[in-house]
Amino acid sequence: MKKKRKRKKWKTFFVLFLLFCGLAWVQIHFQKQNSPPLVKTDPFAKVKKYTPYIHDELAKYQLEEHTPVLAALMQQESHGLGGDPMQASESAGLAKNTITDPKQSIQVGVKHFQRVLAYGTQKKVDFPTIIQAYNMGAGYIDYVAQHGGKHSEQLAKDFSLLQVKQKPTLYNCRGDKDNFRYPYCYGDFTYSTKVNKNIQLLVDSIPVTNSEKTPSGSF
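Conventions adopted
Residues numbered from 1 in each chain as written. Predicted model: local features only at pLDDT ≥ 70, side-chain atom pairs only at ≥ 80, totals over all residues. Heavy atoms only, no water. Helix = DSSP H or I, 4+ residues; strand = E, 2+ residues; numbered from the N terminus. Contact = heavy atoms within 4.5 Å. Areas by Shrake-Rupley, 256 points an atom, 1.4 Å probe, with all protein chains shown as cover. Disulfide = S-S within 2.5 Å. Buried < 20%, exposed > 50% of the residue type's maximum accessible area, 1.4 Å probe, protein only. Expected span 1.5 Å × (residues − 1). Arc of directions from axis to C-beta. Salt bridge = Lys/Arg side-chain N within 4 Å of Asp/Glu carboxyl O.

Participant: Honestly, the overall build of the chain in this entry has me stumped. Any pointers?
Facilitator: Each helix and strand counted, the chain has 9 helices and 0 strands in total. When the helices and strands of the chain are read in sequence order from the N terminus, they spell out α-α-α-α-α-α-α-α-α. Sequence-distant contacts, at least 24 apart, represent 47% of the contacts inside the chain between residues at least 6 apart. Counting every atom, the chain has about 14300 Å² of accessible surface; 57% of that belongs to carbon and sulfur.

Laid out in structure tokens, this is it:
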């Protein structure tokens, strides 16, 4: 008799357990159905609002096909934030963030890109070198031209270290030895890699249909 009672208790417990699990599953299922869908934020949203102006500015130099490149540069520099989203003040010989008008920033940034592109083409270096030169200046183009004509992060490190040795108190990562760039504190030796990744992510973020494909250099 005791064994039968124990069996009945276990059966009752098991049935109640299954019932509880079933009710919990139903509740979770309906909560998922009624919950609002997750909205994916576009990390390039702020940059994309500037792409028409970037395109028009590049068109002045017949370089509008490079619109995705300049947008990717802006993403790396500022994510489209601030008054100098191209971080172009220093390329114009001004103190950092002197420019406070985004349109002026784009004008100066495009001009800087046009100069390094023209110089890089003249020196017959690869395009990643030109992108890196946006960050490190035209001197990097000369350095790469003297070392095979193709950019690498090692060459960028070597060039950075040369600049650091010339001005060690200026290019010291503000004394932060935990900075990933240290001791290569002139520029960012990973800049070209990051911008090229941004270019691909940016292109992938643009919806393309069968009837309408996104042309190169426009959004």
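Participant: Explain the state of the cysteines to me, please; I cannot follow it from the model alone.
Facilitator: Simply put, the disulfide is a covalent bond whose two ends are the sulfur atoms of two cysteines. Enumeration according to the criterion identifies 1 disulfide in this entry. One disulfide bridge connects Cys173 with Cys185, the sulfur atoms lying 2.0 Å from each other. Between Cys173 and Cys185 the disulfide shows an S-S torsion of about -110°. By sign, it is left-handed. Of the two residues, Cys173 sits in the loop between α8 (153–166) and α9 (191–204) while Cys185 sits in the loop between α8 and α9, which places them 12 residues apart along the sequence. Pair check on accessibility: Cys173 and Cys185 agree, each one buried.

Participant: Quick question: what am I supposed to make of α9 here?
Facilitator: Because an α-helix completes one turn every 3.6 residues, residues spaced three or four positions apart along the sequence face the same direction. Across its 14 residues, α9 extends 20 Å between first and last C-alpha, which sits within 8% of the 20 Å expected from 1.5 Å per residue. Residues of α9 that are buried include every one of Tyr191, Ser192, Val195, Asn198, Ile199 and Leu202, and no others. In an axial view of α9, the angular spread of the buried residues amounts to 120°, which keeps them on one side of the axis. Residues of α9 that are exposed and point more than 90 degrees away from the buried face comprise Lys197 and Asp204. On the buried face of α9, the contacting elements are α2 (45–48), α4 (67–78) and α6 (127–136).

Participant: Would you mind going over the pattern of salt bridges with me for this structure?
Facilitator: Oppositely charged side chains are able to pair whenever their charged atoms sit close together. Tallied over the full model, the rule gives 4 salt bridges. Between Asp42 and Lys48 there is a salt bridge whose closest N-O contact spans 2.8 Å. Exposure remark for Asp42: the relative accessible area of 32% places this residue in the partly exposed category.

Shape descriptors only; they carry no functional weight alone.
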